[in-house]
Amino acid sequence: MYSTVFLDLPPLQAAAGEVHLPGSKSISNRVLLLAALSNGTTTVHDLLASDDTRVMLDALRQIGCTVDEAGSTVRITGLGGRLPQSPAKLFLGNAGTAMRPLTAALALLGGEFELSGVPRMHERPIGDLIDALRQLGCQIDYLGNEGYPPLKIAHGQGVPSLALAEPIRVRGDVSSQFLTALLMALPLAAGTQAIVIEVVGELISKPYIAITLQLLARFGIVVGHQNWQRFTIPAGSRYQSPGSIHVEADASSASYFIALGAIATGGEAQKSIKIQGVGLDSIQGDIRFVEAARAMGAVVTGGPNWLQIERGAWPLKAIELDCNHIPDAAMTLAVMALYAEGTTTLTNIASWRVKETDRIAAMATELRKLGATVEEGADYIRVTPPTQAADWKAASIHTYDDHRVAMCFSLAAFNPARLPVRIEDPKCVAKTFPDYFEALFSVAQVETAHIPVICIDGPTASGKGTVAAAVAQRLGYRFLDSGAMYRITALAALRAGLAIDADHEARIATMAQTLPVRFEGGKVWLGSDDVTDAIRTEEAGMNASRVSALPAVRTALVDLQHSFQRLPGLVADGRDMGTVIFPEAPLKVYLTASAACRAERRYKQLISKGFSASIEDLRADLEARDARDSSRSVAPLKPAQDALVLDNSTLTIDEAVEQVLAWWQERQPFAGSAQG
């Protein structure tokens, strides 16, 4: 997951390949709560790992459920009629699928609880659900603004006496989660009489209620309904674990890759996107996004657990659609509209305004940044794309701490103007799809020349490696420590039983072409082995010098270093990154410092590790190495002609990093870009 302040997406051209989607958020949190309310132990397979499921799991532990986690498999031993542990204070983040159902369940189970979340959760309405629960006699108080969390449930240790003779009435036109919460909680109170829920007004998002009803049936509760307005929970209902249950992949998350197939595949090769984990027979209402995508021109086929998407009509076709049945996935249609001919109108989306953010306002604002003409209303949005490629604008997309905004607007990177797109706060996708951008990059295709590279060269002990690693971390880019490559190659050769000499040059060169090297978390990895310490010894340095004397190996390592230029970008440090390896890099920095300064830094480093050293000797050694490096016949140490020289003799590492980032920002086309 990218946890940077922003993530810059270079202009992307095409897409092809296969993606495996995470589990559905809607199904995951429903299943977790149903398992918690059941008698017995439920093994949940393929559970979504996200912020929303994390707060639900933490809450279930707090109220007394046994929760055992092993990767995407979770075992939950439910309360099975026991009272929950209380008092308890439950923090539920911005997870409506946790806040609403837990409120209803705990209000009926009895006990004392405080439920709170992030500030945005305290702006998301819950009053209609609380009104319905108060009809029953539940004691619930608002701890902040009337009608919104945080909440306090106070029944002492006893189960409340409930008024169940009359139908429980709840509004259906604000959020279907209110009805879902009652449907999941009221079986706890279904003793000798059936319980009836009546929906006041139009029920929005019926497909989400269908998910709730199907999952209730898996846990032994069969709820009947009359035209989605009157729901009956049978007398004597009792939750029973199904033993094992699998979570479908998230159909809402599939919408981004369905759109990707419609936008970025096609051409002579007729490429396609294949989605694994959800199919045309999904129980999730958002699978009907397929119908909308087909209407816009996508070619979608599928089976029980997979979908395949190819571009059909191009440009896409503008549509007018009532999106009540796909409220979350419909956001993706608003971005697909950027690639359509004509004006796309999405209606019946009033629920967007009470989601993680006011999504109608957010989508309108960000679409306009890209050059679209947008009209918004109380329950609709109308999008007309830029007329021609020249009308597109490079935009820094504010994401409002809303995962769907971030994922939707990543699709704008395929714009015909070949402009980059900045996604602010990319980590917000953790709510439902923590590895979304990694999945996108795994299928996105782009000309290598469009993948940005920052080169940081300089003499020994100038701090270039430390600065480069920090810059890469701040930008979310890949990192290449070129100086380590020869050391790693020497280590790999010796481990393979090869002597480092001319007789084995060809074999070492062949091996070097595909070395599984990566630089992550401040460590150097060779495959699954952490070789950080192994390549920093005196012997490793001597072996690296011997490897560097083999021309075929040097050539192979140039190719290997080029392979690090992958999405979303690269920061490379060394002595010839800007002059030889990446001469077309848009930013080249030559980091230097006086020999005296570098000697002092090296001295402090050695002393801190328990080694004895002499500053005078270190300085003499550095000056001698500078002379050798500057005069060598192959790739001599020198600033690239267009490099910016940064003398960090008097700068801290942080100051040097900030200067490099400032230079990088100056080269970006975003107006009012996020900083940091």
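Colleague: I'd like a rundown of the pairing of strand β17 (residues 299-303), residues and numbers included.
Modeller: In terms of strand pairing, β17 meets strand β18 (residues 306-310) through five bridges, oriented antiparallel. Within the sheet, the bridge partner assigned to V299 lies in β18 and is E310. The antiparallel pairing of β17 with β18 creates a hairpin that spans two residues between the two strands.

Colleague: Which residues make up the packing of helix α3 (residues 96-109) against helix α5 (residues 176-185), and what are the values?
Modeller: It is at 8 Å that the axes of α3 and α5 come closest, and there the two elements cross at 40°. By the angle class used here, α3 and α5 are oblique. The chirality of how α3 crosses α5 is right-handed. Counting all contacts with α3, which are made through G96, T97, R100, P101, A104, A105 and L108, the residues of α5 involved are Q177, F178, A181, M184 and A185. Tallied by class, residues from the contact of α3 with α5 come to eight nonpolar, three polar and one charged.

Colleague: Requested: an account of the pattern of salt bridges, with residues and values cited.
Modeller: Pairing of side chains with opposite charge becomes possible as their charged atoms draw close. Taken as a whole and judged by the stated rule, the model has 34 salt bridges. Salt-bridge contacts for R422 lead to D8; the nearest nitrogen and oxygen are separated by 2.5 Å. Pair noted here: R422 is in strand β26 (residues 421-424) and D8 is in strand β1 (residues 6-9), with a separation of 414 residues, a long-range link. Residue classification places R422 among the buried positions, given a relative accessible area of 0%.

Colleague: Any chance you could break down the layout of surface pockets for me, citing the residues and the numbers?
Modeller: Within this model, the second largest pocket holds a volume of roughly 390 Å³. Lining the second largest pocket are 23 residues, and of these A449, H450, I451, P452 and P586 sit closest to its centre.

Colleague: Which residues make up helix α16 (residues 538-548), and what values go with them?
Modeller: Along α16, the positions that sit buried rather than exposed are A540, G541, N543, A544 and V547. Along the axis of α16, the buried positions cluster into a sector of 165°, meaning they face one direction only. Exposed positions of α16 whose direction lies more than 90 degrees from the buried face are E538, E539 and M542. Buried residues along α16 sit in contact with α14 (482-495) and α17 (551-562).

Colleague: Could you give me a rundown of unusual backbone geometry, with the residues and numbers involved?
Modeller: Cis geometry marks the peptide bond from S86 to P87, where omega comes out at 0°. Looking at the element boundaries, P87 is found in the loop between β6 (73-77) and β7 (88-91). Cis geometry is found at the peptide bond from L567 to P568, where omega equals 0°. In this structure, P568 sits in the loop between α17 and β33 (570-574). Positive phi, normally seen in glycine, also occurs at R418, with a value near 60°. Secondary-structure assignment places R418 in the loop between α11 (403-410) and β26. R418 gets classed as partly exposed once you look at its relative accessible area, which sits at 40%. Despite not being glycine, D425 has its phi angle at roughly 50°, a positive value. Its location among the elements puts D425 in the loop between β26 and α12 (436-443).

Definitions and limits used
- Residues numbered from 1 in each chain as written.
- Predicted model: local features only at pLDDT ≥ 70, side-chain atom pairs only at ≥ 80, totals over all residues.
- Heavy atoms only, no water.
- Pairing = 2+ DSSP bridges.
- Helix = DSSP H or I, 4+ residues; strand = E, 2+ residues; numbered from the N terminus.
- Axes fitted to C-alpha atoms, helices over the stretch in contact; angles between N-to-C directions.
- Parallel < 35°, antiparallel > 145°, perpendicular 65-115°, else oblique.
- Left-handed = near helix turned anticlockwise from the far one by under 90°.
- Contact = heavy atoms within 4.5 Å.
- Nonpolar A, V, L, I, M, F, W, Y, C, P; charged D, E, K, R; others polar.
- Salt bridge = Lys/Arg side-chain N within 4 Å of Asp/Glu carboxyl O.
- Buried < 20%, exposed > 50% of the residue type's maximum accessible area, 1.4 Å probe, protein only.
- 1 Å grid on protein atoms, 1.4 Å probe; cavity = no way out; pocket = protein on both sides within 12 Å on 5 of 7 lines; lining within 4 Å.
- Points joined across faces, edges and corners; volume = space filled by probe spheres on them.
- Arc of directions from axis to C-beta.

These figures capture arrangement, not role.
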